Amino acid sequence: MLQRTEPSFRESVDLMFNRAAAVMDMSPGLCEKIRVCNSTYTVRFGVRLRGKIETFTGYRSVHSEHMEPVKGGIRYSLAVNQDEVEALAALMTYKCALVEAPFGGAKGGLCIDPRQYDEHELEQITRRFAYELIKRDLINPAQNVPAPDMGTGEREMAWIVDQYARMNTTDINARACVTGKPLNAGGIQGRVEATGRGVQYALREFFRHPDDVAAAHLAGTLDGKRCVVQGLGNVGSHAARFLSEEDGVIVVGIIERDGGLWDDKGLNIAAVLDWMKEHGGVKDCPEGTYVADGASLLEADCDILIPAALEAVIHFGNAERVRAPLIIEAANGPITAGADEILRQKGAIIIPDMYANAGGVTVSYFEWVKNLSHIRFGRMQRRAEESRTKALVDELERLSADKGLGWTLSPGFKQKYLTGSDELELVRSGLDDTMRIAYQSMHEVWRTRPGVTDLRMAAYVVAIDRVAQSYRSKGL
Ligand code: NAD
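Residues numbered from 1 in each chain as written. Predicted model: local features only at pLDDT ≥ 70, side-chain atom pairs only at ≥ 80, totals over all residues. Heavy atoms only, no water.

## Details of the nonpolar core
- Among the nonpolar cores identified, the biggest contains 93 residues, and I34, Y94, L203, I306, L326 and Y460 are the most heavily contacted of them.
- Ranked by residues supplied to this core, first place goes to helix 16 (residues 455–473) with 12 residues.
- Each of two domains, domain 1 (9–193 + 439–473) and domain 2 (217–347), supplies a minimum of three residues to this core.
- With residues up to four places along the chain from it excluded, the contact list for L203 reads L222, L243, I304, I306, L326, I328 and I351. (Core = buried A, V, L, I, M, F, W, Y, C linked by side-chain atoms within 4.5 Å. Buried < 20%, exposed > 50% of the residue type's maximum accessible area, 1.4 Å probe, protein only. Helix = DSSP H or I, 4+ residues; strand = E, 2+ residues; numbered from the N terminus. Domains from an automatic or database assignment. Contact = heavy atoms within 4.5 Å.)

Here it is as structure tokens:
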């Protein structure tokens with residue numbers, strides 16, 4: 001029986017949690033402990049702007065402290081509210097557990113339209129918000145480590161880390177108080193692209209499982225698959241670029257705030273991004289055909305749909321008309337619980353947000369470790385690795401010359417083999433490994449555990465199991 005009213009985002013997360021918990025052997029008490037949000041701090045603060053005081057409302061919600069620090073982004077949007085922040089914090093708990101990032105779940109939000117303020121004003125607002133959170137240890141390298149989310153990015157993270165350092169002058173680990181920072185403020189290579197890169201790795205892993213591909217009524221590899229991407233922001237733009245430039249995916253449709261673009265032969269993502277940078281939207285973009293009702297492209301004929309903008313874009317109102325057999329939730333919560341049920345009944349396969357967009361938190365984890373170890377990845381090993389491989393290549397070439405074998409190594413191979421791994425390569429390798437292993441753990445549960453009907457349920461089961469084990473081992 002389908003529900004008649006659309007559940008809120010938090011209700012959606014709860015419903016999905018309950019579906020998974022129903023097939024697990026957990027005491028009701030422990031189940032409730034894991035499900036509920038531990039605390040939400042609401043702050044209202046004033047900032048003097050343009051000659052008058054403006055009051056802002058912000059939240060930092062901690063869903064679970066079974067591991068510390070807790071981790072989760074800070075979102076700037078007018079739609080931010082306590083319910084949404086708590087739902088996103090819960091998702092962070094499960095996401096971290098699923099990808100084995102040793103964190104509890106948290107999320108923050110500021111109710112603001114960042115486009116209404118200039119850079120200096122945003123800096124004032126961000127620093128003031130950060131001050132309120134830092135003085136309550138709601139930003140702290142050991143306890144609570146935010147990251148960027150919708151409406152925030154490296155710039156905001158740089159302001160926050162600087163604010164923390166000013167308020168904690170002797171904390172040698174100050175840089176680990178927030179992730180997603182620019183490189184010169186303690187960031188890590190590959191963080192900006194991480195979530196989109198993770199979406200690419202997730203899809204690659206999905207296509208390594210022919211039974212899962214067949215379940216989506218698809219066949220073959222990613223090459224040549226037709227895909228629609230909603231939201232060409234940080235996550236969507238990287239996913240669209242990597243998939244089209246490296247995996248042969250044809251991005252036939254793009255949906256943005258001000259409409260959509262369509263091209264059966266595939267859109268040139270780099271060109272669309274250049275246009276958007278200059279004009280702020282996709283309207284009048286010479287790439288493809290402009291579609292004024294962008295959201296209608298969610299229902300277009302394609303193989304893969306990638307909602308990468310915001311939550312609840314697939315709902316009771318349009319789920320029945322969504323035709324993509326494979327949907328990967330690059331955004332958080334783009335499919336409501338009601339729509340999820342409709343899509344599952346139609347046979348669509350959904351790669352859930354908890355897994356699909358975990359690339360960001362995975363690389364954030366690497367960044368946090370880098371900050372705590374005070375050294376960039378690869379700095380100690382890279383040249384040692386290069387000199388060892390060079391010794392092997394030299395020896396092979398010497399043997400070949402001595403014995404008159406005439407062997408020559410191809411220059412491409414030689415260059416690749418002789419180059420030691422730098423930070424970016426190591427980050428991508430760690431991310432790829434994480435996405436593969438997490439998918440395999442979901443796949444295993446999906447295919448073998450009685451009562452588990454889909455990947456989302458499997459993801460919740462894996463994650464809840466891990467959080468439950470953590471609570472049990474603490475004696476709770
Ligand atoms: P972003 O602000 O960089 O990009 C969002 C994009 O969506 C923008 O281009 C915006 O114009 C577009 N958009 C907004 N409303 C739209 C609408 N109604 N229709 C179509 N397009 C619309 O945000 P982001 O960081 O890319 O995050 C996108 C989603 O991914 C969010 O749900 C976020 O929680 C999730 N996410 C982000 C990260 C990360 O590392 N940035 C990590 C995990 C999850």
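## Digging into helix 1 (residues 9–21)
- Look at helix 1: 18 Å from first C-alpha to last across 13 residues, which is about the 18 Å you get at 1.5 Å a residue.
- Among all positions in helix 1, only F9, S12, V13, M16, F17, A20 and A21 are buried.
- Contacts made by the buried residues of helix 1 are with helix 2 (28–35), helix 3 (82–98), helix 10 (337–346) and helix 16. (Expected span 1.5 Å × (residues − 1).)

## Examining the domain arrangement of the chain
- According to the domain assignment, the chain consists of domain 1 (9–193 + 439–473) and domain 2 (217–347).
- For domain 1 versus domain 2, the separation of C-alpha centres amounts to 26 Å.
- With 18 residues of domain 1 in contact, the opposing surface of domain 2 contributes 15 residues.
- Buried surface at the junction of domain 1 and domain 2, both sides included, amounts to about 1200 Å², of which 46% is carbon and sulfur.
- Here domain 1 is connected to domain 2 by five salt bridges.
- Among the salt bridges present, the one from E311 reaches R75, with a minimum N-O distance of 3.1 Å.
- Joining domain 1 to domain 2, the criterion identifies six residue pairs in polar contact (both at pLDDT 80 or more).
- Looking at the side of domain 1 that touches domain 2, the elements that each hand over two or more residues are helix 1 and helix 3.
- The biggest single contributor to the side of domain 1 that touches domain 2 is helix 1, with five residues. (Buried area = accessible area lost by both parts, 1.4 Å probe. Salt bridge = Lys/Arg side-chain N within 4 Å of Asp/Glu carboxyl O. Polar contact = N/O pair within 3.5 Å; in protein donor to acceptor, adjacent residues only side chain to side chain.)

## What to know about the site of the ligand
- What surrounds the ligand is a group of 22 residues, the closest being R75, T195, V235, E256 and N332.
- Taking D149, its side chain carries an N or O atom lying 2.9 Å from an oxygen atom of the ligand.
- Residue N332 places a side-chain N or O atom 2.8 Å away from an oxygen atom belonging to the ligand.
- Relative to its unbound accessible surface of 830 Å², the ligand loses 84% to contact with the protein.
- Put simply, the parts of the chain that give the shell around the ligand at least two residues each are helix 8 (234–246) and strand 7 (250–256).
- Looking at the shell around the ligand residue by residue, the classes come out as nine nonpolar, eight polar and five charged. (Near = heavy atom within 4 Å. Areas by Shrake-Rupley, 256 points an atom, 1.4 Å probe, with all protein chains shown as cover. Nonpolar A, V, L, I, M, F, W, Y, C, P; charged D, E, K, R; others polar.)

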